[in-house]
Amino acid sequence: MSSKFAAPKGVSEYLPPRSVIFDYICRGLRIPALAAGYELIELPIFEDTELFTRGVGTSTDVVSKEMYTFEDRAGRSLTLRPEGTASVIRAVIEHGLDRGALPVKLFYQGPFFRAERPQAGRYRQFYQFGIEAIGSDDPYLDAEVISIAYHGYRKLGLKDFELQITSLGDSESRFTHRRDLDSLISRLDLDEETSQRAQKNPLRLFDDKREEIRIAMSSAPLLLDYLSKESRENFDQVKAALDSLQIPYRVNPKMVRGLDYYTGTTFEFVHKGLGAQSAIGGGGRYDGLMEVLGGSKLSGIGFGLGIDRILLALEAEAKSGQSLPGELRYVDLYVIGLGDKARSKCFTLVDSLRKEGFVVEQNFGNRAIKGAMKAADKSGARFTIVLGDRELQSESVGLKEMSTGAVTSVRLDALAKVLAEKSSGLKKI
Ligand code: AMP
């Protein structure tokens, strides 16, 4: 009987060979974060529902429509995490991490859950890599955080993306802007739901896809034109710091982020090869979030990068002529042992080569040489050796380079040295 089970609708899952790219992305994104002294925080997959309603905000789709909320056996309301920042802040407050050196610099990675309408690049379970830096409002920190995302993408070989930035200013800037924006919105003929959304956060209307609202909003006042002197200077400093790192960006005053807690610098990375779901990451500063969640009055800044979409972006770039980054599946050597004695020798040889840092596969089952060579071929290994009684006696093997078929005779005790000259081993992956 065939299995009736299938993965739930709209979840992303990764099998070889794509899972190898997925893993490559996760490891690549960490490198610039580690280089800047950020440390891993591993968070729970579910949290108290109120953490997200209070932290992320009820005017957002993420909270109002997309949360996976359930009651546990004791009747507590829990929610599968839709994003990472609220949890990080909760953990920082709960464990007093902000009592140590500031800023607190953390990175996280894992699955997130939003009950969205599934489509290409939009899933109900998706993966993010994120960082948060809490406890400093230095504009250099904004630029550092943005640069970590930028260098992460570049490290993976991504080219065809754009960084968009804007500033949502301080509360004074937002107050005057809101007054003028509200007055424009009050003249619009909005349905009940939209007008409620607009009351909670009028900026959301900039993101509305409906024609009549888009037209009305095209003449709406832009927050960027309302920045207070300090906010403007702060934004100028962030831009100057990005310039000094030669990180290209475009100021997009109409950018709307999907979460309500942002203040000051906000940014998004958009990939040109992805169609509708083009945002491959985004983030910004959040001034009031710590306090809203019961902590001290510290400002923070962070980002979340969408690993699923980065994978799609790498594939899109590969299609348009760029090669996928590196040879992702990498095997130095495939070892075939023929006969009991040789197999036993091979088994320990493989173990010792792996300990020296080479990626080595071996043949299982007492297969005939033809089948074993086929398996070696399929493995994609750069080199293959066959060890039988003759090789055991002479203590040397023929090292076959699979791409050319060329065979070099190598003494068994010199195998690691010869491989090291020809191959880059684990350093490659
Ligand atoms: P956000 O937490 O909404 O700021 O999203 C940060 C990044 O996560 C986005 O730029 C996307 O790359 C990714 N992302 C958000 N929601 C989804 C989703 N439903 N499916 C896949 N990726 C997503």
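Higher on the page you've got the structure.
This is a predicted model, so every value here is computed, not measured.

**Quick look at the site of the ligand**
So, point 1. Near the ligand lie 15 residues; those nearest to it are Arg 114, Glu 116, Tyr 123, Arg 257 and Ala 279.
So, point 2. Arg 114 places a polar side-chain atom, nitrogen or oxygen, 2.8 Å from an oxygen atom of the ligand.
So, point 3. For the ligand, an oxygen atom lies 2.8 Å from a polar atom in the backbone of Ala 279.
So, point 4. Alone, the ligand offers 480 Å² of accessible surface; in the complex the protein occludes 93% of this.
So, point 5. Secondary-structure elements contributing two or more residues to the shell around the ligand are strand 6 (125–134), strand 10 (279–286) and strand 11 (300–306).
So, point 6. If one sorts the elements of the shell around the ligand by residue count, strand 10 sits on top with three residues.

**As for the packing of helix 5 (residues 139–155) against helix 9 (residues 229–244)**
So, point 1. Closest axis-to-axis distance for the helix 5/helix 9 pair is 8 Å, and the angle between their directions is 45 degrees. The angle between helix 5 and helix 9 places the two elements in the oblique class. Relative to helix 9, helix 5 is oriented so that their crossing is right-handed. Of helix 9, the residues touching helix 5 (which contributes Pro 139, Tyr 140, Asp 142, Ala 143 and Ile 146) are Asn 234, Gln 237, Val 238, Ala 241 and Leu 242.
So, point 2. When the residues that make up the contact of helix 5 with helix 9 are grouped by side-chain class, the tally is seven nonpolar, two polar and one charged.

**Considerations on the pairing of strand 14 (residues 383–387)**
So, point 1. Most of strand 14 sits inside the fold, with four of its five residues counted as buried.
So, point 2. Relative to strand 14, strand 12 (residues 333–337) runs parallel, the two being bridged by five bridges. Directly across from Gly 337, in strand 14, lies its bridge partner Leu 387.
So, point 3. In this structure, strand 14 lies alongside strand 15 (residues 396–401), joined through two bridges in antiparallel fashion. By the bridge assignment for strand 15, Phe 383 is matched with Glu 401.

**Thoughts on the sheet that holds strand 15**
So, point 1. Taken together, five strands build an open sheet; the order of strands is 13-12-14-15-16 and the sheet is mixed. On the outer flanks of this sheet lie strand 13 (360–362) and strand 16 (407–411), each paired with one strand and no other. This sheet shows a mean twist of 25 degrees between the axes of neighbouring strands, independent of strand direction.
So, point 2. Lying on the sheet, helix 13 (residues 369–379) is in contact with strand 12, strand 13, strand 14 and strand 15; it crosses strand 12 at an angle near 170 degrees.

What counts and what doesn't
- Within each chain, residues carry numbers counting from 1 in the order of the written sequence.
- Predicted model: local features are reported for residues with pLDDT of at least 70 only, side-chain atom pairs are reported and counted for 80 or more only, and whole-chain, interface and lining totals are derived from all residues.
- Values reported for side chains reflect all heavy atoms of the structure, with hydrogen atoms and water molecules removed beforehand.
- Proximity is defined per residue: any heavy atom of the residue falling within 4 Å of a molecule or strand makes that residue near it.
- Identification of polar contacts relies on pairs of N or O atoms within 3.5 Å, with a donor-acceptor requirement for protein atoms, meaning one able to donate a hydrogen and the other able to accept it, and with residues adjacent in sequence counted only if both atoms are side-chain atoms.
- What sets the accessible areas is the Shrake-Rupley method with a 1.4 Å probe; for residues, cover comes only from the shown protein chains.
- Segments assigned H or I by DSSP are reported as helices when at least four residues long, segments assigned E as strands when at least two residues long, and all are numbered from the N terminus.
- Every angle, taken between N-to-C directions, lies between 0 and 180 degrees, and every axis is a line fitted to C-alpha atoms, over only the stretch in contact when it is a helix.
- We call two directions roughly parallel when the angle between them is under 35 degrees, roughly antiparallel when it is over 145, roughly perpendicular when it lies between 65 and 115, and oblique otherwise.
- Rotating anticlockwise by less than a right angle from the far helix to the near helix defines a left-handed crossing, while the corresponding clockwise rotation defines a right-handed one.
- We call two residues in contact whenever any of their non-hydrogen atoms come within 4.5 Å of each other.
- Amino acids outside the nonpolar list (Ala, Val, Leu, Ile, Met, Phe, Trp, Tyr, Cys, Pro) and the charged list (Asp, Glu, Lys, Arg) are all regarded as polar, and Gly is one of them.
- The cut-offs for exposure are 20% and 50% of the maximum accessible area for each residue type, with area from a 1.4 Å probe on protein chains only; residues under the lower value are buried, those over the upper are exposed, and the others partly exposed.
- Strands qualify as paired when DSSP identifies two bridges or more between them.

Structural measurements only, silent on function.
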